[in-house]
Amino acid sequence: MKKVLLIISGGIAAYKSLELIRLLKQSYQISVRCVLTEAGSHFVTPLSLTALSGDRVFSDLFSPTDEQFGHIQLSRSADLVVVAPATADIIAKLAAGLANDLASTLLLATDKPVVLAPSMNVKMWEHPATQDNIIRLSSRGTHIIQPEEGDLACGEQGAGRMAGPEVIAAEINRLIVGINLKPLKGLKAIITTGATQEMIDPVRYISNHSSGRQGYSIAESLAFAGADVTVVSGKTNVIPPNGLKVVHALSAIDMLQACEKLLPADIFVGAAAVADWRLDKILSQKIKKTAGTDKLQLNLVKNPDIISVIGHLRDTIRPKLVVGFAAETDDLVSNASRKRLEKNCNWVVANFVYQPENVFDNTHNTVTFITEKATESWPRMNKKQVADRLVARIVEFFKK
Ligand code: PMT
């Protein structure tokens, strides 16, 4: 039986953790051992946790009676460590590496994957300190189950409500299965992501608003499924998740060359927003504002189309699965389907630029998944969920 060490910290969402324990045990046959923080004990009692988990509850770092089950042993006793609810405080402690109670010490001592289900007021969630901590923890490989938007216990509205117990239980199950099965083990994947930059002169360039978030999420999900992943990254603000190989390439030509060097591969995903055009000649000096001229003309030439080059490689070297993206402002399905054929991609993940907020640099995405046989509209999800769903399809493709 798989085991979860569940840390319950002090938030009103602690009541949902009781249902989470029940679901993990009954629906997924995963056993749960609970750690309750001092703040958490104001919201749920050790008695309820013991009754549901069928195990004793741990709270005290210095308990003389728990000596035979010290914090190091406890931190390694499960397949996964989950913090639900994860308050701003415990998230900050983990990001900073503090260990001044049983829960924070376990989180630092564990050698198992850690999952956080944040829960807090919207302002606390959106505070740059919390967001920095989340980015830092994600880059170290911590799994974050994004909080939902809606009415909050404090009476305000917005993001910060802990995800539902069914969502958390399903994610825990997926992670536990993934940890053990690694269905893409032995396969090599190349992912392009981020924005390309085409230099105009020493200080100016042509680029776009891609953050690299969607591509890095896919890379992370592929790596989690066991693939050997290399990201070819244009400009991005994302701190690469731990353990991912990253090659930096700013222009379209650099990106193409970097991809070609990494071949052969089994999977190619082109999530980068690549400039279609570049300057025919990059100027070696900064363009001056000359008196008397109100117009400036730049000559652009077409860039190579990276995904089309990869898609049209001869069969012996072409990755078995080539996945393109399509960012459209109109006629989503017909434009994306045309791109799939022209670029010889197996699949295209099509997204409207306006959804209605701009998809570039957004945390969420609504996509249409297009294959030779079908066109599926996927519901609005965060980019990590889109990545997980895409990777589930990739796993199915290679099973066949
Ligand atoms: O990075 P984020 O902020 O998370 O945003 C994600 C995203 C919107 C950038 C992503 O979901 C996306 O749509 N990426 C593709 C953007 C794009 O360039 O779309 P396109 O329709 O112009 O290109 C179609 C496909 O051809 C893409 O796979 C693109 O990578 C590829 N291409 C385009 C031009 C070129 N010269 N070479 C290419 O390989």
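**Some remarks on the packing of aromatic side chains**
And then number 1: As enumerated under the stated definition, the model contains four aromatic pairs in all.
And then number 2: Ring geometry for Trp347 and Phe369: centres 5.1 Å apart, planes at 70°, overall edge-to-face. Taken together, the residues span a long stretch of sequence, with Trp347 in strand S18 (residues 347–352) and Phe369 in strand S20 (residues 367–370) at a distance of 22 residues.
And then number 3: With a relative accessible area of 1%, Phe369 lands in the buried category.
And then number 4: When the ring of Phe397 is compared with that of Phe398, the centres are 5.0 Å apart and the planes differ by 75°; the resulting orientation is edge-to-face.

**Description of the domain arrangement of the chain**
And then number 1: Domain parsing of the chain yields domain 1 (2–180) and domain 2 (182–399).
And then number 2: Domain 1 puts 13 residues into the contact, and the matching count from domain 2 is ten residues.
And then number 3: Carbon and sulfur atoms supply 56% of the area that domain 1 and domain 2 bury against each other, a total of about 920 Å² over both sides.
And then number 4: Among the residues of domain 1 in contact with domain 2, Ser139, Arg174 and Gly178 are the three that bury the most area, contributing 41% of the side total.
And then number 5: Our count for the domain 1 to domain 2 interface comes out at one salt bridge.
And then number 6: Counting across the interface, domain 1 meets domain 2 through one residue pair in polar contact (both at pLDDT 80 or more).
And then number 7: At the level of secondary structure, the elements contributing two or more residues to the side of domain 1 that touches domain 2 comprise helix H7 (128–139) and helix H8 (165–181).

**Examining the packing of helix H4 (residues 88–96) against H7**
And then number 1: At a minimum axis distance of 9 Å, the contact between H4 and H7 shows a crossing angle of 50°. It follows from the interaxial angle that H4 and H7 lie oblique. For H4 against H7, the interelement crossing comes out left-handed. Contact residues: Ala88, Ile91, Ala92, Leu94, Ala95 and Ala96 in H4; Thr130, Asn133, Ile134, Arg136 and Leu137 in H7.
And then number 2: Of the residues belonging to the contact of H4 with H7, the class tally is eight nonpolar, two polar and one charged.

**Considerations on unusual backbone geometry**
And then number 1: A cis amide bond, omega 0°, links Ala84 with the succeeding residue Pro85.
And then number 2: Mapped onto the secondary structure, Pro85 falls in strand S4 (residues 80–86).
And then number 3: The amide bond that connects Gln355 to the next residue, Pro356, takes the cis arrangement and shows omega of 10°.
And then number 4: The topology assignment puts Pro356 in the loop between S18 and strand S19 (364–365).
And then number 5: Of note in this structure, Asp331 is not a glycine but carries a positive phi near 40°.
And then number 6: The topology assignment puts Asp331 in the loop between strand S17 (321–328) and helix H12 (332–342).
And then number 7: What makes Asp331 exposed here is its relative accessible area of 52%.
And then number 8: Residues other than glycine seldom take positive phi values, yet Asn344 does so here, at roughly 55°.
And then number 9: In this structure, Asn344 sits in the loop between H12 and S18.
And then number 10: Judged by its relative accessible area of 34%, Asn344 is partly exposed.

**Considering the sheet that holds strand S21 (residues 375–377)**
What links the strands of a sheet is backbone hydrogen bonding, and the strands pair in either a parallel or an antiparallel sense.
And then number 1: Read from one edge of the open sheet, eight strands run S13-S12-S9-S14-S17-S18-S20-S21, paired in mixed fashion. On the outer flanks of this sheet lie strand S13 (245–248) and S21, each paired with one strand and no other. On average, each strand axis in the sheet is inclined to that of its neighbour by 15°, with strand direction left out of account.
And then number 2: In this sheet, S20 lies alongside S18 in antiparallel orientation, the contact comprising four bridges. Each bridged residue has a counterpart across the sheet, and for Ala350 the counterpart in S20 is Thr368.
And then number 3: Helix H13 (residues 383–399) contacts strand S14 (267–270), S17, S18, S20 and S21 of the sheet and is inclined by roughly 165° relative to S18.

**Some details on the environment of Ile91**
And then number 1: Note that Ile91 resides in helix H4.
And then number 2: A C-alpha to C-alpha distance of 17 Å links Ile91 and Glu148, two positions 57 residues apart in sequence.
And then number 3: The contacts of Ile91, once residues within four sequence positions are left out, are Ala86, Leu116, Pro118, Met120, Asn133, Ile134 and Leu137.

**Section: the nonpolar core**
And then number 1: Residues Leu184, Ile191, Ile218, Leu222, Val229, Leu390 and Ile394 are the most contacted members of the largest nonpolar core, which totals 31 residues.
And then number 2: Breaking this core down by element, the ones donating at least two residues are strand S9 (188–193), helix H9 (213–224), strand S12 (228–233), S14, S17, S18, S20 and H13.
And then number 3: With six residues, the single largest contributor to this core is H13.
And then number 4: Apart from residues lying up to four places away in sequence, Leu184 is in contact with Leu222, Ala225, Gly226, Ala227, Val391, Ile394, Val395 and Phe398.
And then number 5: Among the nonpolar cores identified, the runner-up in size contains 30 residues, and Ile8, Val82, Val115 and Ala163 belong to it.

**Side note on the side chain of Asp201**
And then number 1: Looking at the element boundaries, Asp201 is found in strand S10 (residues 198–201).
And then number 2: Given the relative accessible area of 0%, Asp201 is considered buried.
And then number 3: Only 2.5 Å separates the side chain of Asp201 from the side chain of Arg204, close enough to count as a polar contact.
And then number 4: Within polar-contact distance, the side chain of Asp201 engages the backbone nitrogen of Ile287 at 2.9 Å.
And then number 5: When residues no more than four places from it in sequence are discounted, the contact partners of Asp201 are Ile282, Leu283, Gln285, Lys286 and Ile287.

Rules used throughout
Residues numbered from 1 in each chain as written. Predicted model: local features only at pLDDT ≥ 70, side-chain atom pairs only at ≥ 80, totals over all residues. Heavy atoms only, no water. Phe/Tyr/Trp six-rings, centres within 6.5 Å; stacked < 30°, edge-to-face > 60°. Helix = DSSP H or I, 4+ residues; strand = E, 2+ residues; numbered from the N terminus. Buried < 20%, exposed > 50% of the residue type's maximum accessible area, 1.4 Å probe, protein only. Domains from an automatic or database assignment. Contact = heavy atoms within 4.5 Å. Buried area = accessible area lost by both parts, 1.4 Å probe. Salt bridge = Lys/Arg side-chain N within 4 Å of Asp/Glu carboxyl O. Polar contact = N/O pair within 3.5 Å; in protein donor to acceptor, adjacent residues only side chain to side chain. Axes fitted to C-alpha atoms, helices over the stretch in contact; angles between N-to-C directions. Parallel < 35°, antiparallel > 145°, perpendicular 65-115°, else oblique. Left-handed = near helix turned anticlockwise from the far one by under 90°. Nonpolar A, V, L, I, M, F, W, Y, C, P; charged D, E, K, R; others polar. Pairing = 2+ DSSP bridges. Core = buried A, V, L, I, M, F, W, Y, C linked by side-chain atoms within 4.5 Å.

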